[in-house]
Amino acid sequence: MICPYCSHDNPAEAAACESCGATLQNKPKAKLALVNLLDANDKIKLHSGVLGREGDLCSERLAQDQTVSRFHLQVKEDTNGQVQIKHIGKNNPSLNGIQIDYGETVGLKANGVLEIGNQLYKAIPLKVTYIIRCPVCGKAYKVFSSKDRIPVCTSCDFANRYEIAKESAQEVFEDAD
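Computed from a predicted model, the values in this text were never measured in an experiment.

Reading the values: the criteria
- Residues numbered from 1 in each chain as written.
- Predicted model: local features only at pLDDT ≥ 70, side-chain atom pairs only at ≥ 80, totals over all residues.
- Heavy atoms only, no water.
- Helix = DSSP H or I, 4+ residues; strand = E, 2+ residues; numbered from the N terminus.
- Buried < 20%, exposed > 50% of the residue type's maximum accessible area, 1.4 Å probe, protein only.
- Contact = heavy atoms within 4.5 Å.
- Salt bridge = Lys/Arg side-chain N within 4 Å of Asp/Glu carboxyl O.
- Pairing = 2+ DSSP bridges.
- Polar contact = N/O pair within 3.5 Å; in protein donor to acceptor, adjacent residues only side chain to side chain.
- Phe/Tyr/Trp six-rings, centres within 6.5 Å; stacked < 30°, edge-to-face > 60°.
- Axes fitted to C-alpha atoms, helices over the stretch in contact; angles between N-to-C directions.

(A) Here's a closer look at the overall build of the protein chain. Each helix and strand in the protein chain was counted, giving one helix and twelve strands. Element order for the protein chain, N to C, with α for helix and β for strand: β-β-β-α-β-β-β-β-β-β-β-β-β. Taking all 177 residues of the protein chain together, the buried fraction comes to 35%. Residue pairs in contact within the protein chain that sit at least 24 positions apart in sequence constitute 38% of those at least 6 positions apart.

Structure (structure tokens):
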């Protein structure tokens, strides 16, 4: 595992960097996205919000489907990090072929198939990684959590190398391998 601070190549099972002592974390947390089974380019990255034609979780294809309610499903992440969906619309959705009744909350897991109106979506895992970008030169550093910081940019000249220490990590979602 590569240390995000000093770039030392550590053994995969290492808990701390052998060179600088920084804490290493092996697995980033996973999130979910919905991918339309009829159009792989139709992808909705899930977060807490509302899925529907006028919801904050919507794709162009979903917005055009009149069989989808304006506000169809409420999406929340529970305390264990699991995605929960609650039916709040008029037309009944289904998960893995089982109808979700109005007001019912069910767990959505990777590979679950969600039918919303005339659309069929498969839940796929996303990997969350964290990036800190230098405000001077633009170099991106991968870090392990939103709380991590980079003290010095290795690409900047001496006068600007400490500017990166003021920057916070940003979440980036990637398809899980």
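Once you've had a look at it, read on.
(B) Expanded view of the pattern of salt bridges. By the definition in use, this model includes four salt bridges. Between Lys31 and Glu77 there is a salt bridge whose closest N-O contact spans 2.5 Å. In this pair, Lys31 is assigned in strand S1 (residues 30-36) and Glu77 in strand S4 (residues 73-77), connecting sequence segments 46 residues apart. Taking relative accessible area as the criterion, Lys31 reaches 15% and is therefore assigned buried.

(C) Examining the pairing of S4 more closely. Bridging between strand S3 (residues 49-51) and S4 involves three bridges; their strand directions are antiparallel. Each bridged residue has a counterpart across the sheet, and for Leu51 the counterpart in S4 is Leu73. Where S4 and strand S5 (residues 83-87) come together, five bridges link them in antiparallel fashion. Across the sheet, residue Val75 finds its bridge partner in S5, namely Ile85. Between S4 and the antiparallel strand that follows it, S5, lie five residues; Gly81 among them carries a positive phi value of about 85 degrees.

(D) Representation of the side chain of Gln119. In this fold, Gln119 is placed in strand S10 (residues 119-133). Polar contacts involving the side chain of Gln119 include one to the side chain of Arg61, which spans 2.9 Å. Ignoring sequence-local partners within four residues, the contact set of Gln119 consists of Asn36, Arg61, Leu62, Asp65 and Leu114.

(E) How the structure looks around the packing of aromatic side chains. Counted under the stated rule, the structure contains one aromatic pair. Between Phe158 and Tyr162 the ring centres are 6.4 Å apart and the planes differ by 85 degrees, which places this aromatic pair in the edge-to-face class. Judged by relative accessible area, Phe158 falls into the exposed class, the value being 62%.

(F) Structural detail: the side chain of Lys31. Among the polar contacts made by the side chain of Lys31, one reaches the side chain of Glu77 at a distance of 2.5 Å. Beyond its immediate stretch of four places on either side in the chain, Lys31 contacts Glu77, Ile124, Pro125, Leu126, Val128 and Phe173.

(G) Region of the structure containing the sheet that holds S5. Spatial ordering of the open sheet is given by S3-S4-S5-S8, a layout of four strands whose pairing is antiparallel. The strands lining the two open edges of the sheet, one partner per strand, are S3 and strand S8 (105-108). Across this sheet, the average inter-strand angle for adjacent strands is 35 degrees, counted without regard to direction.

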